[in-house]
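Overview (structure and organization)
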Amino acid sequence: MARLHEHEHQAYLVGGAVRDLLLGGHPKDFDIATDATPEQVHALFRNSRIIGRRFRIVHVRFGREVIEVTTFRGHHGDDEAPRRDAAAKRSSRGLLLRDNVYGTLEEDAVRRDLTVNALYYDSGSFEVFDQVGGLQDLEARQIRVIGDPLARYREDPVRMLRTLRFAAKLDFAIEPGSADPIPELAHLLDDIPAARLFDEFGKLFLTGNALTTLRLLRSYSVFDHLFPDSARLADNSAFYSALLEAAMGNTDERLRQDKPVTPAFILAAILWPAVCERREQLENQGEPPVPAMHGAAQEVVAQACQRIAIPRRFSMPMREIWEFQLRLNRTEGRRAKELMSKRRFRAAYDFLLLREQAGEDCSGLGATWTRLQDEHGPIEVEQEEAPPRPRRRRRGGRKRAPAQDS
Ligand code: ATP
Ligand code: MG
């Protein structure tokens, strides 16, 4: 902010950092809003790069942190001047495809999603600018969409996920005007690119509020549009419902204890109902258990990926966790010891405990494996082969929890 100020630019801390600081919490990252264009920002910071297409922003590296710097966004409606057409683009259904029209702080504020996310802190004057009643909503502990919620959700359906996520994270109520349209508009999430939904998935379920978030997603009929089969099966089965809740609760607890969490484990739990259903169908058609599990796993992953792009480095361990469940049925002597040395054993064992925690009767298998591990003491675990290096980091990648393939 100081450097931008030195060069006669405006610069404000904005978004989650201001919100969380005002609430007495610790911001998890810092977003800066400025009147400098991405090119101007990039020119001022050697350690920066311009990213994004839908929204062009600048990532400035600052030690281990990456600071996200966005240029004030301006208005662009149907009555826009023609010169702006190239910078902004809307689909026939109102979806915002490109949004690179620059504007003022006032214009920028009303383009943000929630009032509590649209507070601007000026580090020079120590002032907070509030154009949209964000301070009042922060005080009243409520989530409110800026502007007309219907139009804002149509413009970017991911905002529905954000409304629910922040309500869960901050333990805020959702103002009725912002809450009521969600069930009817949830289907708009079907049009969101699968890669973006995977990013959102991480923010929903791997940031410490997964259980509350899950409950909100289910009660607003949004979960159906992320994991249709799991939503349907959980709605009709107390066990599957309990499994989802247990998975979320455990993940939250691990994060509270600073233990690593992985999307693979939680996705394995979310998709397990669909795997069980498909496996049963295949077995009924005469497939033996192992190929049935294999086939079901493959199909369920392929189907889930159409909606939420699960990278292979997570879908592979997921499938291994599922397939390992069958192997855990054999607990005798040497075989057991061999299984315990497999690198996916620990995750598979945790998954077995989760199934039992949710009420599945596995004839005490979990306790047996707990005892076997105690008896054998520490076992050397097979090394994991190095995962392929991701070619390019996407926006939001840095925010993801570290991978844990135990
Ligand atoms: P946190 O980083 O703690 O999850 P945040 O509020 O900083 O929360 P970011 O995803 O980092 O969330 O986004 C930064 C800011 O950008 C938000 O506070 C909000 O003002 C704005 N923003 C993000 N996504 C959208 C969106 N889909 N529509 C409108 N504004 C958005
Ligand atoms: Mg942020």
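Details of the structure are given in the entry above.
Notes on the structure follow. (Residues numbered from 1 in each chain as written. Chains lettered and ligands numbered in written order. Predicted model: local features only at pLDDT ≥ 70, side-chain atom pairs only at ≥ 80, totals over all residues. Heavy atoms only, no water.)

**Remarks on the overall build of the chain**
- When you go through the chain residue by residue, the secondary structure sums to 19 helices and eleven strands.
- The buried share of the chain, taken over its 406 residues, is 50%.
- When contacts within the chain are restricted to residue pairs at least 6 apart in sequence, long-range pairs at least 24 apart make up 67% of them.
- For the chain, the accessible surface area stands at approximately 20,100 Å², while carbon and sulfur atoms represent 49% of it. (Helix = DSSP H or I, 4+ residues; strand = E, 2+ residues; numbered from the N terminus. Buried < 20%, exposed > 50% of the residue type's maximum accessible area, 1.4 Å probe, protein only. Contact = heavy atoms within 4.5 Å. Areas by Shrake-Rupley, 256 points an atom, 1.4 Å probe, with all protein chains shown as cover.)

**A look at the coordination of the magnesium ion (ligand 2)**
- Coordination of the magnesium ion (ligand 2) by the protein involves Asp29 (OD) and Asp31 (OD), with metal-donor separations of 2.3 to 2.5 Å.
- Exposure remark for Asp29: the relative accessible area of 7% places this residue in the buried category. (Donors = N, O, S within 2.8 Å, 3.2 Å for Na, K, Ca; no water.)

**A few points about the site of ligand 1**
- Surrounding ligand 1, one finds 19 residues, the nearest of these being Gly16, Arg19, Arg112, Asp156 and Arg159.
- Within the backbone of Gly16, an N or O atom sits 3.0 Å from an oxygen atom of ligand 1.
- In isolation ligand 1 offers 590 Å² of accessible surface; the protein chains occlude 92% of this area.
- Mapped onto the shell around ligand 1, the elements with two or more residues apiece are α2 (16-22), α7 (158-170) and α10 (194-205).
- Looking at the shell around ligand 1, the element that brings in the most residues is α7, giving five residues.
- A class-by-class count of the residues in the shell around ligand 1 yields one nonpolar, three polar and 15 charged. (Near = heavy atom within 4 Å. Polar contact = N/O pair within 3.5 Å; in protein donor to acceptor, adjacent residues only side chain to side chain. Nonpolar A, V, L, I, M, F, W, Y, C, P; charged D, E, K, R; others polar.)

**What about helix α11 (residues 210-219)?**
- Among the residues making up α11, those that are buried are Ala210, Thr213, Leu214, Leu216 and Leu217. Down the axis of α11, the sector holding all buried residues measures 165°, keeping them to one side.
- At its buried positions, α11 is contacted by α7, α10 and α13 (238-256).
- One or two steps after α11, the chain reaches Ser221, where phi turns positive at roughly 55°. (Arc of directions from axis to C-beta.)

**As for α10**
- If you check α10, its first and last C-alpha atoms are 16 Å apart, about what twelve residues at 1.5 Å a residue would give, namely 16 Å.
- In terms of residue burial, α10 counts as a mostly covered element, since ten of its twelve residues are buried.
- When we look at burial in α10, the residues that qualify are Ala194, Leu197, Phe198, Asp199, Glu200, Phe201, Gly202, Lys203, Leu204 and Phe205.
- Looking at the buried positions of α10, the neighbouring elements they touch are α7, α11, α13, α14 (263-284), α15 (289-307) and α16 (312-327). (Expected span 1.5 Å × (residues − 1).)

**Concerning the environment of Arg215**
- Looking at where Arg215 falls in the secondary structure, it is placed in helix α11.
- Sequence-wise, Arg215 and Leu164 are 51 residues apart; in three dimensions their C-alpha atoms are separated by 9.7 Å.

These values are about where atoms sit, not about what they do.
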